[in-house]
Amino acid sequence: MEYKILEQEVGTVHYWVTGSGENCIVFTHGATMDHGLFADQVDYFSKDYKVILWDVPMHGASRPYDNFSLQGAANALIDMLDAEQIEQAHLVGQSMGGYICQYAARDYPERVKSVTALDSSPLQPSYYSAMDNWLLALTPAILKVYPYNSLIKTIATQIAKTERAKDYALRTLKTYPKAEIIAIMDVVYQGVRDYGEETVLSQPLLIVYGDGDRTGKVQTYSNKWAKNEDRPLVVIPDAWHNANMDNPETFNRVLDDFLKKVDDATSPS
């Protein structure tokens, strides 16, 4: 993979590019993870696609970074496409990454060919009750009472099922001080509250989650999302919140099938 950087006024975004297909996929990781979350997707998809992985602002190598927000991350994603001279891309986002993809698809519809929301949730305010919003706002405060080692071990064991995926999650979490973890989570929940529109995305959307994902209300939100908008939904067996790493074989096959259908439907006849 070719390592690149994108210089911005508020920080530097680090990203990696491989493959040379006509179509492009950008993989966006979740909160407190990094581009390594998609290691199992690189070889599979780079055969047919140009693949971009990146460390979202305030994550991984993309630190320090000032004024991180989901909106700002979506803007940085589009800046990355500009730097690579890519007119349009498929966006795949896990958890927080799914939120960033929704921001990008809403604000730059002509640049986004499809969205895959992996163990993520819709951002439209109507999906969130007053109790949901209260709990979202309370989460960063709850995290503060956890001892650091207990916090990162709890997160790692809740989001990943396989030992390999747990090891990755814990290893990555250890690169973040407790204050950074809390700050990231605060930004994520603020971004959910700030979305503020009931706009239905115009692009094809695939909703995916692991059958054992118990993070927040991902399954409940995803099921309602798929039903309300008549979107395809696939449940990945033997997988939790980081479903693409717990069961990469099934996830890769499901995503590949979806992307090929989108590409076939939009290719010139």
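Residues numbered from 1 in each chain as written. Predicted model: local features only at pLDDT ≥ 70, side-chain atom pairs only at ≥ 80, totals over all residues. Heavy atoms only, no water.

S.K.: Would you explain the nonpolar core in this entry?
M.R.: Nonpolar side chains tend toward joint burial in soluble globular proteins. By size, the foremost hydrophobic cluster in this structure holds 89 residues, and its most contacted members are Val 26, Phe 27, Ile 52, Trp 54, Leu 77, Met 80 and Ile 100. When sequence neighbours within four positions are dropped, the list of residues in contact with Leu 77 reads Val 26, Thr 28, Trp 54, Leu 91 and Ile 100. (Core = buried A, V, L, I, M, F, W, Y, C linked by side-chain atoms within 4.5 Å. Buried < 20%, exposed > 50% of the residue type's maximum accessible area, 1.4 Å probe, protein only. Contact = heavy atoms within 4.5 Å.)

S.K.: Help me understand the environment of Ser 62, please; the structure alone is not making it clear to me.
M.R.: If you trace the backbone, Ser 62 turns up in the loop between strand E4 (49-55) and helix H2 (70-83). What makes Ser 62 buried here is its relative accessible area of 0%. Remark: the alpha-carbon pair of Ser 62 and Ala 83, spanning 21 residues in sequence, is separated by 16 Å. Ignoring anything within four residues of it in the chain, the contact list for Ser 62 reads Thr 12, Val 13, His 14, Asp 55, Val 56 and Pro 57. Here the side chain of Ser 62 touches His 14 through a polar contact of 3.0 Å, landing on its backbone nitrogen. (Helix = DSSP H or I, 4+ residues; strand = E, 2+ residues; numbered from the N terminus. Polar contact = N/O pair within 3.5 Å; in protein donor to acceptor, adjacent residues only side chain to side chain.)

S.K.: Honestly, the layout of surface pockets in this entry has me stumped. Any pointers?
M.R.: Over the atoms, a rolled probe matching the size of one water molecule traces out where space is still vacant. In this model, the largest pocket occupies a volume close to 980 Å³. In this structure, the largest pocket is lined by 36 residues; those nearest its centre are Thr 139, Met 185, Tyr 189, Thr 215 and Gly 216. Those elements that provide at least two residues to the lining of the largest pocket are helix H3 (96-107), helix H4 (130-144), helix H5 (148-159), helix H7 (178-194) and helix H8 (218-229). With 6 residues, the single largest contributor to the lining of the largest pocket is H4. Each residue belonging to the lining of the largest pocket can be placed in one class, and the counts come to 19 nonpolar, 13 polar and 4 charged. (1 Å grid on protein atoms, 1.4 Å probe; cavity = no way out; pocket = protein on both sides within 12 Å on 5 of 7 lines; lining within 4 Å. Points joined across faces, edges and corners; volume = space filled by probe spheres on them. Nonpolar A, V, L, I, M, F, W, Y, C, P; charged D, E, K, R; others polar.)

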